[in-house]
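Analysis of the macromolecular model
Each chain, written out:
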Amino acid sequence: AQSVTQPDIHITVSEGASLELRCNYSYGATPYLFWYVQSPGQGLQLLLKYFSGDTLVQGIKGFEAEFKRSQSSFNLRKPSVHWSDAAEYFCAVGAPGGYNKLIFGAGTRLAVHP
Amino acid sequence: SAVISQKPSRDICQRGTSLTIQCQVDSQVTMMFWYRQQPGQSLTLIATANQGSEATYESGFVIDKFPISRPNLTFSTLTVSNMSPEDSSIYLCSVGGESQPQHFGDGTRLSIL
């Protein structure tokens, strides 16, 4: 069955520290991969996406993610976290091509200490 | 990316009543999606709405409970019928083009008393 696993429910980092949020997926083929962020009281904002090509993708707000086919992973990274990055982060997969329905992970809630 | 507006942004309803949520997009889109986010949970797809055809529902969701309309390429509604406290959730619509990422509205926060 298709699924997305985000092993870390909560993560706390200090402002200025580096960040890595983990995402593993189970899918029959290489899916489209996405990271979304949800700030309190807001909808979801797309941070970045991977469809094909270069396995290191750059997104908005200084985030990047690396697709590793051998590990079925798509981890999100940021070299220096800002207090405004505190939010919930969702990894999602979709079928390649067409109008892809998304399967979401459970989310990782990020807290940032000053 | 498309600008997506949802109404209402939040509501508190009595059990047994129904609420219709509107989703308006500032450009024509083929596919619109409706998701539910239960408290503290991730997003689950309710249905996919294609203009001019019946919505396609995911397992566990039925048309009688969540009727959807899609009268044109910029608008859709989701009705939550005969509500119970278990329906308290955030309901989000999203749009996405072919081989394009989905973009989401701000959601409707629904509480059932």
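Description of the structure in this document. (Residues numbered from 1 in each chain as written. Chains lettered and ligands numbered in written order. Predicted model: local features only at pLDDT ≥ 70, side-chain atom pairs only at ≥ 80, totals over all residues. Heavy atoms only, no water.)

Considerations on the overall build of chain A
- Across its full length, chain A holds zero helices and 12 strands.
- Ordered by position from the N terminus, the helices and strands of chain A form the series β-β-β-β-β-β-β-β-β-β-β-β.
- Over its C-alpha atoms chain A spans a radius of gyration of 14 Å, differing by no more than 12% from the 13 Å that the globule rule assigns to 114 residues.
- Principal-axis analysis of the C-alpha atoms places the extent of chain A at approximately 40 × 30 × 20 Å.
- Put simply, of all contacts in chain A between residues at least 6 apart along the chain, 54% involve residues at least 24 apart.
- Treating the 9 positive side-chain charges of chain A as one cloud and the 8 negative ones as another, the clouds have centres 7 Å apart. (Helix = DSSP H or I, 4+ residues; strand = E, 2+ residues; numbered from the N terminus. Rg over C-alpha atoms; globule rule 2.2 N^0.38 Å. Contact = heavy atoms within 4.5 Å. Lys, Arg positive; Asp, Glu negative; His and termini not counted. Charge placed at Lys NZ, Arg CZ, Asp CG, Glu CD.)

Thoughts on the interface of chain B and chain A
- Facing the 24 residues of chain B at the interface are 21 residues of chain A.
- When the two sides are added together, the surface that chain B and chain A hide from each other amounts to roughly 1800 Å², 56% of it contributed by carbon and sulfur.
- Three residues, S99, P101 and F104 of chain B, lead the burial of chain B against chain A; their summed loss comes to 25% of the area buried on that side.
- Taken together, the connections running from chain B to chain A amount to one salt bridge.
- A salt bridge links E58 of chain B to K101 of chain A; the shortest N-O distance between them is 3.1 Å.
- At the junction of chain B with chain A, the criterion picks out seven residue pairs in polar contact (both at pLDDT 80 or more).
- Listed by contribution, the elements that provide at least two residues to the side of chain B that touches chain A are β4 (31-37), β5 (43-50), β9 (89-96) and β10 (103-104) of chain B.
- If one sorts the elements of the side of chain B that touches chain A by residue count, β4 of chain B sits on top with four residues. (Buried area = accessible area lost by both parts, 1.4 Å probe. Salt bridge = Lys/Arg side-chain N within 4 Å of Asp/Glu carboxyl O. Polar contact = N/O pair within 3.5 Å; in protein donor to acceptor, adjacent residues only side chain to side chain.)

Section: unusual backbone geometry
- Cis geometry is adopted by the peptide bond preceding P8 of chain B, which originates at K7 of chain B and carries an omega value of -10°.
- Checked against the element boundaries, P8 of chain B lands in the loop between β1 (4-7) and β2 (10-13).
- A positive phi angle is found at K61 of chain A, which is not glycine, with a value near 60°.
- Structurally, K61 of chain A can be placed in the loop between β7 (56-58) and β8 (64-68).

Topic: the packing of aromatic side chains
All names here are of chain A.
- Across all of its chains, the model carries 15 aromatic pairs over all chains by this definition.
- Here the aromatic rings of Y36 and F104 are separated by 5.9 Å at their centres, their planes lie at 50°, and the arrangement is tilted. Taken together, the residues span a long stretch of sequence, with Y36 in strand β5 (residues 32-38) and F104 in strand β11 (residues 102-104) at a distance of 68 residues. Here Y36 and F104 have matching classes, each one buried. (Phe/Tyr/Trp six-rings, centres within 6.5 Å; stacked < 30°, edge-to-face > 60°. Buried < 20%, exposed > 50% of the residue type's maximum accessible area, 1.4 Å probe, protein only.)

Thoughts on the sheet that holds strand β7 (residues 68-72) of chain B
All names here are of chain B.
- Pairing is antiparallel in the open sheet, where four strands are placed in the order β1-β3-β8-β7. The sheet terminates laterally at β1 and β7, the two strands that pair on one side only. When the angles between neighbouring strand axes are averaged without regard to direction, this sheet yields 15°.
- Direction of pairing for β1 relative to strand β3 (residues 19-25): antiparallel, over a ladder of four bridges. (Pairing = 2+ DSSP bridges. Axes fitted to C-alpha atoms, helices over the stretch in contact; angles between N-to-C directions.)

Quick look at the nonpolar core
- Core analysis: the largest hydrophobic core is formed by 26 residues, its most contacted members being L19, W35, L47, L48, F74, L76 and Y89 of chain A.
- Of all the secondary structure elements, the ones that give two or more residues to this core are β2 (10-14), β3 (19-21), β5, β6 (44-50), β8, β9 (73-78), β10 (87-94) and β12 (108-113) of chain A.
- At four residues, the largest contribution of residues to this core is made by β10 of chain A.
- Residues within four places of F74 of chain A in sequence aside, it is in contact with C23, L33, F34, W35, L48, K49, Y50, V57, A65, E66 and F67 of chain A.
- Formed by 25 residues, the second largest nonpolar core is a distinct cluster that contains V25, W34, L78 and M83 of chain B. (Core = buried A, V, L, I, M, F, W, Y, C linked by side-chain atoms within 4.5 Å.)

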